[in-house]
Every structure is written in C-alpha cells, then in structure tokens.
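What the coordinates show
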Amino acid sequence: MGTDRIIIIGSGIAGAATAYFLTRKGLRDIVILEKDKIAGAQSTGRNAAILRTMIPEPVINRLARESADFYHNPPADFSDGPLVDPVGVYLAARAEYKPTLNQWCDANPEARLERVSAKPIYDKIPILAPGLEAAAYAADDGVLDVHAILQGFIRGATREGTQLRLNCEFKGLKVGNGRVQGVDTSDGTMEASKVVVANGAWTSIASLFNEYALPFTPYRRHLLVTEPLSEVNPRWPVIWIVGEEFYFRPESGGLLMSGCDTVKVTPEQGEIVEQTQLERIADKASFWLPSLSEAKVARAWSGMRTFAPDDMFTIGNDPRIQGLIWVAGLGGHGITCAPVVGSIAADCVVHGKSDHPAASGMAPERLLR
Ligand SMILES: Cc1cc2nc3c(=O)[nH]c(=O)nc-3n(C[C@H](O)[C@H](O)[C@H](O)COP(=O)(O)OP(=O)(O)OC[C@H]3O[C@@H](n4cnc5c(N)ncnc54)[C@H](O)[C@@H]3O)c2cc1C
C-alpha cells in the first residue's frame with residue numbers, strides 16, 4: 001500500500017467536520033468527494049438551522065451540549081461572525097404532554113434548561129393560541145448560521161491541504177487483504193488507506209457498499225417560510241410544541257415552520273415537495289397562529305433525515321474491514337452536533353477508536369448484531 005490518503009465521501013456537515021478535525025490532528029492527505037457541483041447542498045443545506053440542545057436521548061443530548069460550546073466559542077479563525085443567534089428555544093406542551101416534557105428533562109439532568117410555565121411564551125408571542133401550559137427553556141439555544149459553519153469547517157480543512165473534489169461521485173469501495181484500498185469514482189479509481197462514509201441519505205444505497213452496507217433509512221421532512229409578516233418580531237424564540245409535531249421560528253421577516261412529517265423515501269425522492277404536507281403545516285399554523293392563517297408561503301422545500309434502526313448516530317470504525325469509518329445516521333440533529341461528531345470521527349480515523357464517553361454507544365458494531 002503506497003498511500004496514507006484519507007478519502008471522505010460527502011461534503012455535508014458530517015464530512016466537512018470530520019475533515020476539519022483531521023487537519024487539526026495534523027493530517028494533510030485528505031480528499032473530500034462530493035457528487036454535486038456545490039458542497040453541502042443536501043440535508044446540510046435544507047434544514048431548519050435550529051441549535052436545540054434539549055434532545056431527549058441522553059447520548060445525543062450530551063453531543064449537542066458539547067457542540068453548542070464550540071458554536072458559542074469557535075476558534076478565532078473559524079468564521080467572520082457569530083455562528084449562533086441565541087434567540088432561545090422553548091419546548092412547550094399542553095397539559096396532556098406535560099409528562100412527556102418532564103420525562104425529556106428528567107432524562108438529562110445536566111441539560112442547561114429552565115422549567116417554566118407557558119406565560120413567558122405568551123408574553124413574547126401574544127398571537128399564539130391558548131392551550132400551552134408548561135415549557136422547558138434553553139436561553140442559549142437558537143438559530144445557527146449553517147452556511148458559515150459549513151464554510152468554517154471546509155475552509156479550515158482546505159487551508160491545511162484537504163482537497164474538495166466536486167462533481168466526483170463515489171461508486172464503490174476497493175477492498176483487498178482485509179482492508180480498504182481505495183474507491184471507484186466517476187473520475188476513476190483513487191487509492192486510499194482510509195475511507196470515511198459521510199454521504200448522508202445515500203448511505204442507504206446498499207449496492208454502493210455491497211457486503212459492508214449498513215441499515216440506514218432516509219425520511220423526508222418539509223419546511224416552509226412565509227412572506228414577511230408585520231405581526232412577527234424577528235427576535236421571537238424558537239417554539240417547538242411537544243406532542244403536536246409543529247415548530248416555528250422567525251426567518252427573513254416571516255416564519256419558518258415544520259409539521260414534522262416523517263415519510264420514508266429513497267434518496268432520489270428526497271427533494272420532492274408534496275402539497276399535502278404543506279397543507280398539513282398550514283393547518284397547524286392556522287390552529288396555533290390563527291391571525292396568520294392568510295399568510296402567503298414565500299418558499300417551501302423538503303430534505304432528508306437519515307436514521308439507523310435504533311435512531312442513534314453511527315460513528316466509528318467498521319469491525320468487518322480495516323480502514324472503513326462511518327459518520328452516518330445523524331437524523332434530525334446533525335447540524336447541532338457536528339463539532340463533536342467530527343471530532344469523534346477524526347479520533348476513530350487516526351486512533352481506530354475514540355475515548356469520548358459517548359463513542360461506544362454510536363459504534364457501528366451494534367448494527368451487525
Ligand atoms: C427538514 C429538516 C430539518 C432539519 N432541521 C435540523 C435542525 O434544525 N438542526 C439540526 O441540527 N439538524 C437538522 N436537520 C438534520 C440535519 O440537516 C442532518 O442531520 C445533517 O445535515 C446531515 O448531514 P450529513 O453530512 O450526514 O448529510 P448531507 O448534508 O446530506 O451530506 C451528504 C453529502 O454526501 C453527498 N453524496 C451522496 N452520495 C454521494 C456519492 N455517491 N459520492 C459523493 N458524494 C455523495 C451528498 O451530495 C451530500 O452533499 C434537519 C434535517 C431536515 C431534512
């Protein structure tokens with residue numbers, strides 16, 4: 001084997017963060033392959049950009065809190081401006097969902113949140129329909145500048161020699177002597193000693209990985225942004241209504257909203273916008289924000305959230321073959337958690353494992369049992 005090259009498949013937040021943290025460890029021969037003509041245009045460019053650390057699952061909650069520290073205090077040369085607008089995030093519930101909300105909070109005693117009544121929400125958003133009774137509030141959470149974050153990771157990596165190959169599609173692994181030897185791509189074969197799989201929803205395409213495939217599934221979700229609305233204060237917090245599958249936050253003078261649809265798709269179906277799903281969002285918005293029921297949609301889109309069967313992230317070395325590392329199944333929290341995801345993935349590439357306390361729960365071997 002004549003190469004120490006590391007190939008990363010995918011230039012979304014997972015691949016970009018991994019490349020960034022590999023270069024922080026001094027590695028230089030890194031190539032990111034991206035099938036599209038621009039970086040990060042799939043899930044990373046199609047999400048709600050919410051920094052939400054109040055995640056019920058304790059392992060992911062921990063990754064989110066540690067990643068939030070990075071976003072609030074990034075390295076000096078990472079970006080020109082702040083990465084988070086800390087407008088605050090409320091998880092709010094009607095009386096019947098108070099136990100669910102409490103369970104979420106109880107499962108994460110170290111989470112930085114306040115348990116409050118719904119009053120502060122109504123004080124801030126007087127047009128919200130009555131009915132909410134309890135909330136958990138994370139004052140430092142808010143809206144992420146996803147573009148700046150992705151560029152920060154990619155710029156930080158390419159400054160240290162990482163190559164970003166756009167319009168270059170990974171077609172299959174090259175394997176020999178029990179280890180990864182390289183990849184076949186639309187530009188020909190490339191040698192590598194390590195291959196990092198970070199291609200989002202396309203991790204579900206078993207034929208790309210043959211006997212090394214793992215069981216990932218993409219689910220499509222819609223978002224819309226209304227036209228600017230005089231009733232909306234751009235400093236409103238993010239409101240996530242537990243049990244109602246509805247969230248909204250200020251965006252571009254209007255509101256960004258989701259009805260939290262979760263429809264299993266293939267990657268080719270990931271960008272299809274279904275009118276029925278937009279109507280579902282509109283119905284929820286009319287209920288919770290009745291004075292905005294005539295608001296016009298400025299734009300609407302969909303994207304994919306990709307999950308392993310147990311909904312846990314999958315980060316780590318594939319036990320079946322040397323040199324294959326997965327950074328996949330980041331579901332609905334990939335942007336929030338990217339700094340710690342990338343750092344754990346880089347440890348796995350360099351040392352074969354990570355000592356982070358969350359790493360063992362995310363290792364790929366659990367998917368082989
Ligand atoms: C509607 C919606 C709302 C969301 N809201 C939030 C939120 O508010 N906060 C949050 O933290 N997360 C959110 N998420 C989740 C977040 O967007 C994802 O977890 C994250 O973007 C996943 O990043 P990724 O790098 O794994 O995948 P992607 O961003 O999809 O990157 C994978 C890349 O691999 C490339 N690729 C695929 N196949 C190949 C191939 N064969 N060869 C070369 N390149 C290939 C793709 O083109 C793509 O660029 C949301 C997701 C959706 C869909």
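Reading the values: the criteria
Residues numbered from 1 in each chain as written. Predicted model: local features only at pLDDT ≥ 70, side-chain atom pairs only at ≥ 80, totals over all residues. Heavy atoms only, no water. Helix = DSSP H or I, 4+ residues; strand = E, 2+ residues; numbered from the N terminus. Rg over C-alpha atoms; globule rule 2.2 N^0.38 Å. Buried < 20%, exposed > 50% of the residue type's maximum accessible area, 1.4 Å probe, protein only. Areas by Shrake-Rupley, 256 points an atom, 1.4 Å probe, with all protein chains shown as cover. Lys, Arg positive; Asp, Glu negative; His and termini not counted. Charge placed at Lys NZ, Arg CZ, Asp CG, Glu CD. Pairing = 2+ DSSP bridges. Axes fitted to C-alpha atoms, helices over the stretch in contact; angles between N-to-C directions. Salt bridge = Lys/Arg side-chain N within 4 Å of Asp/Glu carboxyl O. Polar contact = N/O pair within 3.5 Å; in protein donor to acceptor, adjacent residues only side chain to side chain. Near = heavy atom within 4 Å. Nonpolar A, V, L, I, M, F, W, Y, C, P; charged D, E, K, R; others polar. Domains from an automatic or database assignment. Contact = heavy atoms within 4.5 Å. Buried area = accessible area lost by both parts, 1.4 Å probe. Phe/Tyr/Trp six-rings, centres within 6.5 Å; stacked < 30°, edge-to-face > 60°. Lys NZ or Arg CZ within 6 Å of the ring centre and 35° of its normal.

**Remarks on the overall build of the protein**
- The number of helices and strands found in the protein is 9 helices and 21 strands.
- For the protein, whose C-alpha radius of gyration is 21 Å, the value lies close to the compact-globule estimate of 21 Å for 369 residues.
- Projected onto its principal axes, the C-alpha positions of the protein cover 65 × 45 × 40 Å.
- Going through the 369 residues of the protein one by one, you find that 55% of them count as buried.
- If you sum the accessible surface of the protein, you get close to 15200 Å²; carbon and sulfur atoms cover 49% of it.
- Computed over 37 positive and 43 negative side-chain charges, the separation of the two mean positions in the protein equals 2 Å.

**What about the sheet that holds strand β21 (residues 324-328)?**
- Strand order across the open sheet formed by 6 strands is β9-β2-β1-β13-β21-β20, with mixed pairing between neighbours. Strands with a single pairing partner mark the edges of an open sheet, and in this sheet they are β9 (163-165) and β20 (314-317). Sheet twist, expressed as the mean angle between neighbouring strand axes with direction ignored, is 15°.

**So, the pattern of salt bridges**
- Taken as a whole and assessed by the stated rule, the structure comprises 19 salt bridges.
- Where R5 meets D29, a salt bridge forms, and the shortest distance between an N and an O atom there is 3.6 Å. Taken together, the residues span a long stretch of sequence, with R5 in the segment before β1 (6-9) and D29 in the loop between α1 (13-24) and β2 (30-33) at a distance of 24 residues.
- The class of R5 is partly exposed, set by a relative accessible area of 24%.
- Put simply, R28 and E160 hold a salt bridge, and the shortest N to O gap is 3.2 Å.

**Details of the environment of N317**
- Looking at where N317 falls in the secondary structure, it is placed in strand β20.
- On a C-alpha basis, the gap between N317 and I7 in space is 14 Å, while along the polypeptide they are 310 residues apart.
- A distance of 3.2 Å separates a polar side-chain atom of N317 from the backbone oxygen of C348.

**Comments concerning the site of the ligand**
- Every one of the 38 residues lining the ligand counts as a neighbour, but E34, T44, F170, G331 and T336 are closest to it.
- Separating a nitrogen atom of the ligand from a backbone N or O atom of F170 is a distance of 2.8 Å.
- Coverage of the ligand by the protein chains reaches 97% of its 1000 Å² of free accessible surface.
- Elements that contribute at least two residues to the shell around the ligand include exactly α1, β14 (217-226), β19 (297-307) and α8 (334-351).
- Residues that form the shell around the ligand fall into these classes: 16 nonpolar, 15 polar and 7 charged.
- Three or more residues apiece are contributed to the shell around the ligand by two domains, here domain 1 (6-46 + 147-215 + 309-368) and domain 2 (89-139 + 218-306).

**Remarks on the domain arrangement of the protein**
- For the protein, the domain assignment lists domain 1 (6-46 + 147-215 + 309-368) and domain 2 (89-139 + 218-306).
- One C-alpha centre belongs to domain 1, the other to domain 2, and the line joining them spans 31 Å.
- With 13 residues of domain 1 in contact, the opposing surface of domain 2 contributes 11 residues.
- Interface area lost by domain 1 to domain 2 is led by R46, A201 and G331, which between them contribute 51%.
- Counting across the domain 1 and domain 2 interface gives 1 salt bridge.
- A salt bridge links R46 to E271, with the nearest nitrogen and oxygen atoms 4.0 Å apart.
- Linking domain 1 to domain 2 there are 5 residue pairs in polar contact (both at pLDDT 80 or more).
- The residue inventory of the side of domain 1 that touches domain 2, partitioned by class, reads 4 nonpolar, 8 polar and 1 charged.

**A short note on the sheet that holds strand β8 (residues 142-144)**
- The strand order across the open sheet built from 3 strands is β3-β8-β4, with neighbouring strands paired in antiparallel fashion. Of all strands in the sheet, those with a lone pairing partner are β3 (50-51) and β4 (84-85), marking the two edges.
- The sheet contact formed by β4 and β8 spans 2 bridges and is antiparallel. Each bridged residue has a counterpart across the sheet, and for V84 the counterpart in β8 is L144.

**Overview of the packing of aromatic side chains**
- For the structure shown, the criterion picks out 17 aromatic pairs.
- On the basis of an interplanar angle of 80° and a centroid distance of 6.0 Å, the ring pair of F70 and Y71 is categorised as edge-to-face.
- Within the aromatic cluster, the residues linked to one another by ring pairs are Y20, F21, F70, Y71, F78 and F153.
- Here K35 stacks its cationic end above the ring of W202, 4.2 Å away from the centre of that ring.
- Between the NZ or CZ atom of R52 and the centre of the ring of W240, over which it lies, the distance is 3.9 Å.

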